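Summary of structural features
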Amino acid sequence: MTSSSSATWAKKVVLVTGASSGLGKALAAEFAAQGAHVILTARGAEMLQATAREITAAGGSATPIVADVTDDQSVARLFAQIIQQHDRLDVLVNNVGLSTRKSVCETTAADVTAQMEINFHSLVRCTHTALPHLKKSRGRIINIGSLASKVGTRFMGGYPASKHAVAAYSQQLRMELNGSGVSVLLVCPGPIARDVQRSYSAEEDDSLPDHAAEPGSGAKIKALDPVRLASKVVSAAAKRKPEIVVPGKARLLFTIAQLSPRLGDWLLRKFT
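Since we're looking at a predicted model, the values are computed, not measured.

**Brief notes about the nonpolar core**
Counting 37 residues, the largest nonpolar core has Leu15, Phe79, Ile82, Leu89 and Ile141 as the members making the most contacts within it. Within the residue set of this core, elements represented by two or more residues are strand S1 (13-17), helix H4 (72-86), helix H5 (109-137), helix H6 (159-177), strand S6 (183-189) and helix H8 (250-259). Take this core: its biggest share by element is seven residues, from H5. Beyond its immediate stretch of four places on either side in the chain, leucine 15 contacts Ile39, Thr41, Leu78, Phe79, Ile82, Leu89, Val91, Leu92 and Val93. Among the nonpolar cores identified, the runner-up in size contains 34 residues, and Val38, Ala42, Leu185 and Val233 belong to it.

Next comes the structure, spelled out in structure tokens:
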């Protein structure tokens, strides 16, 4: 944390979706540590309140608000409450997301629709509602994508398609909001470490190899520390960067895949 970054966020109002655990929790704590008042939202009241207590105990300022970002009315109420209480919004962090494991050949349109609702439609819903307030504050949008925003990883069902949509939408926002004062940051991280490592179910698809249940569907990269990643994200947002990819070396794979899809596919098979 630098003094210049802390000055950027002092007294700013930041909304983090999916803030009760994982990267969302780490992002909320980092913004609060740098002087922002953080609005925490998720569907589970108990974990959300526990996160707020942790941030407050560490000297930060946080308000938990239970909301369902897949529901129009719930999102409308969430933003109405924020504006009523704080009269401003400076940062929207679209962090809510869900990964799955399933062969894409066995993935139905209904499967993809459910994945898109959580990973993409909720992001659009929150962004659309937040934009009038962010334009007033010349604020920031932070969209949490994935390495799967850039490449189609095997055995993850509709997840890569939903995260590709996040990447495309983020670029559209950057283009159309240019000159408005609102910046958009797309974050594309690899698998994120957890206190209790998650094992993904195969969703009734017994054709998948064992490694598909691992983080990143078995990607041969080290899991990211959410606290260190949160620090990088908050710093990048302070500088109004358009995109960060973590680990950065993954950009080489993305470039190769664009220049030679055949070679890109071979490398993906080799390293996942």
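Don't stop here, the text continues.
**Digging into the pattern of salt bridges**
Under the defined criterion, the tally for this structure stands at seven salt bridges. In this structure, the salt-bridge partner of lysine 25 is glutamate 54, at a minimum N-O distance of 3.1 Å. With a gap of 29 residues between them, lysine 25 in helix H2 (residues 22-33) and glutamate 54 in helix H3 (residues 45-57) connect regions that are remote in the sequence. Overall, the relative accessible area of 26% leaves lysine 25 in the partly exposed class. Within this structure, Asp72, Glu117 and Arg125 form a network of salt bridges that share partners.

**So, the environment of threonine 70**
Along the polypeptide, threonine 70 turns up in the loop between strand S3 (61-66) and H4. According to the relative accessible area criterion, threonine 70 is partly exposed, its value standing at 26%. Note: C-alpha distance between threonine 70 and asparagine 119 (49 residues apart in sequence) is 9.4 Å. Excluding residues that lie within four positions of it along the chain, threonine 70 makes contacts with Glu117, Ile118, Ser122 and Arg125. Separated by 2.6 Å, the side chains of threonine 70 and aspartate 68 make a polar contact.

**A closer look at the packing of aromatic side chains**
For the structure on display, the rule yields two aromatic pairs. Plain terms: the ring middles of phenylalanine 120 and tyrosine 169 are 5.7 Å apart, the flat faces sit at 85° to each other, and that makes the pair edge-to-face. Of the two residues, phenylalanine 120 is situated in helix H5 and tyrosine 169 in helix H6; the sequence distance between them amounts to 49 residues. As far as the burial class goes, phenylalanine 120 and tyrosine 169 line up, both buried.

Thresholds, definitions, all that
- Residues numbered from 1 in each chain as written.
- Predicted model: local features only at pLDDT ≥ 70, side-chain atom pairs only at ≥ 80, totals over all residues.
- Heavy atoms only, no water.
- Core = buried A, V, L, I, M, F, W, Y, C linked by side-chain atoms within 4.5 Å.
- Buried < 20%, exposed > 50% of the residue type's maximum accessible area, 1.4 Å probe, protein only.
- Helix = DSSP H or I, 4+ residues; strand = E, 2+ residues; numbered from the N terminus.
- Contact = heavy atoms within 4.5 Å.
- Salt bridge = Lys/Arg side-chain N within 4 Å of Asp/Glu carboxyl O.
- Polar contact = N/O pair within 3.5 Å; in protein donor to acceptor, adjacent residues only side chain to side chain.
- Phe/Tyr/Trp six-rings, centres within 6.5 Å; stacked < 30°, edge-to-face > 60°.

Purely spatial values, then, with no claim about function.
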